[in-house]
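Descriptive structure summary
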Amino acid sequence: VVPSCRESFYGMSSNEKISVYPNPARTAATIQFSGNGSHQRISITNMQGQRIMQNSVGNETGLQQFEIDLTGIQAGIYLIELSSDLSIEKTRLVIE
């Protein structure tokens, strides 16, 4: 369990910075986040600390969505991290 996790199944509340749905997921998931105007990156890490995916998602402001293809990724629990020069936000993703 990651203590700083925030997740939402039906959209983001006013204090959330990142959410992922569907969760659990099988073949694809959507990461929804608040763009903060600085260069942002999304990474997915397994519970052994191995980074399995990393993508640059730009520097827009406002609500953003990023689709990820989970085909070929083993079932398990993963940590999704949204990082920028200004902040780091984390949530968890379960892949079935």
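All values reported here derive from a predicted model rather than from experimental measurement. (Residues numbered from 1 in each chain as written. Predicted model: local features only at pLDDT ≥ 70, side-chain atom pairs only at ≥ 80, totals over all residues. Heavy atoms only, no water.)

So, the confidence of the model for the protein
Confidence in the prediction for the protein averages 83 pLDDT; 83% of positions are at 70 or higher. This stretch, residues 1-15, has a pLDDT under 50; its non-local contacts, to residues over four places away or in other chains, come to 31 contacts. (pLDDT = per-residue confidence, 0-100. Contact = heavy atoms within 4.5 Å.)

Some words on the nonpolar core
Formed by 18 residues in total, the largest nonpolar core has its most connected members in Ile31, Phe33, Ile42, Ile68, Leu70, Ile80 and Leu93. Residue assignment for this core shows that the elements contributing at least two residues are β1 (18-21), β2 (28-36), β3 (40-46), β5 (61-69), β6 (76-84) and β7 (88-95). Those residues in contact with Leu93, other than ones at most four positions away along the chain, are Val20, Pro22, Asn23, Ala25, Ala29, Ile68, Leu70, Gly76, Ile77, Tyr78 and Ile80. (Core = buried A, V, L, I, M, F, W, Y, C linked by side-chain atoms within 4.5 Å. Buried < 20%, exposed > 50% of the residue type's maximum accessible area, 1.4 Å probe, protein only. Helix = DSSP H or I, 4+ residues; strand = E, 2+ residues; numbered from the N terminus.)

Structural notes on the side chain of Asn23
Residue position: Asn23 is located in the loop between β1 and β2. For Asn23, a relative accessible area of 8% translates into the label buried. A polar contact of 2.9 Å, which involves the side chain of Asn23, links it to the backbone oxygen of Arg92. (Polar contact = N/O pair within 3.5 Å; in protein donor to acceptor, adjacent residues only side chain to side chain.)

Examining unusual backbone geometry
A cis geometry characterises the amide bond from Tyr21 onward to Pro22, with omega recorded as -10°. Within the element layout of this structure, Pro22 appears in the loop between β1 and β2.

Brief notes about the sheet that holds strand β4 (residues 51-58)
Read across the sheet, 4 strands follow the order β4-β3-β6-β7 without closing on themselves; strand pairing throughout is antiparallel. Taken across any chain shown, the strands that pair with only one partner, and hence form the sheet edges, are β4 and β7. Strand-to-strand twist across the sheet, computed as the mean angle between neighbouring axes with direction ignored, equals 20°. Here 7 bridges tie β3 to β6, and the two strands are oriented antiparallel to one another. Of the residues in β6, the one forming a bridge with Thr45 is Leu79. (Pairing = 2+ DSSP bridges. Axes fitted to C-alpha atoms, helices over the stretch in contact; angles between N-to-C directions.)

Overview of the pairing of β7
Only one face of β7 is buried, namely the one carrying Glu89, Thr91, Leu93 and Ile95, since none of Ile88, Lys90, Arg92 and Val94 on the opposite face is buried. Hairpin connection from β6 to β7: 3 residues lie between these consecutive antiparallel strands.

Some words on the pattern of salt bridges
Under the counting rule described, the total for this entry stands at 2 salt bridges. One salt bridge connects Arg26 with Glu96, and the closest N-O pair in it is separated by 3.0 Å. Taken together, the residues span a long stretch of sequence, with Arg26 in the loop between β1 and β2 and Glu96 in the segment after β7 at a distance of 70 residues. Among the ionic pairs, Lys90 bridges to Glu81, the shortest N-O distance being 3.8 Å. Given a relative accessible area of 26%, Lys90 falls into the partly exposed group. (Salt bridge = Lys/Arg side-chain N within 4 Å of Asp/Glu carboxyl O.)

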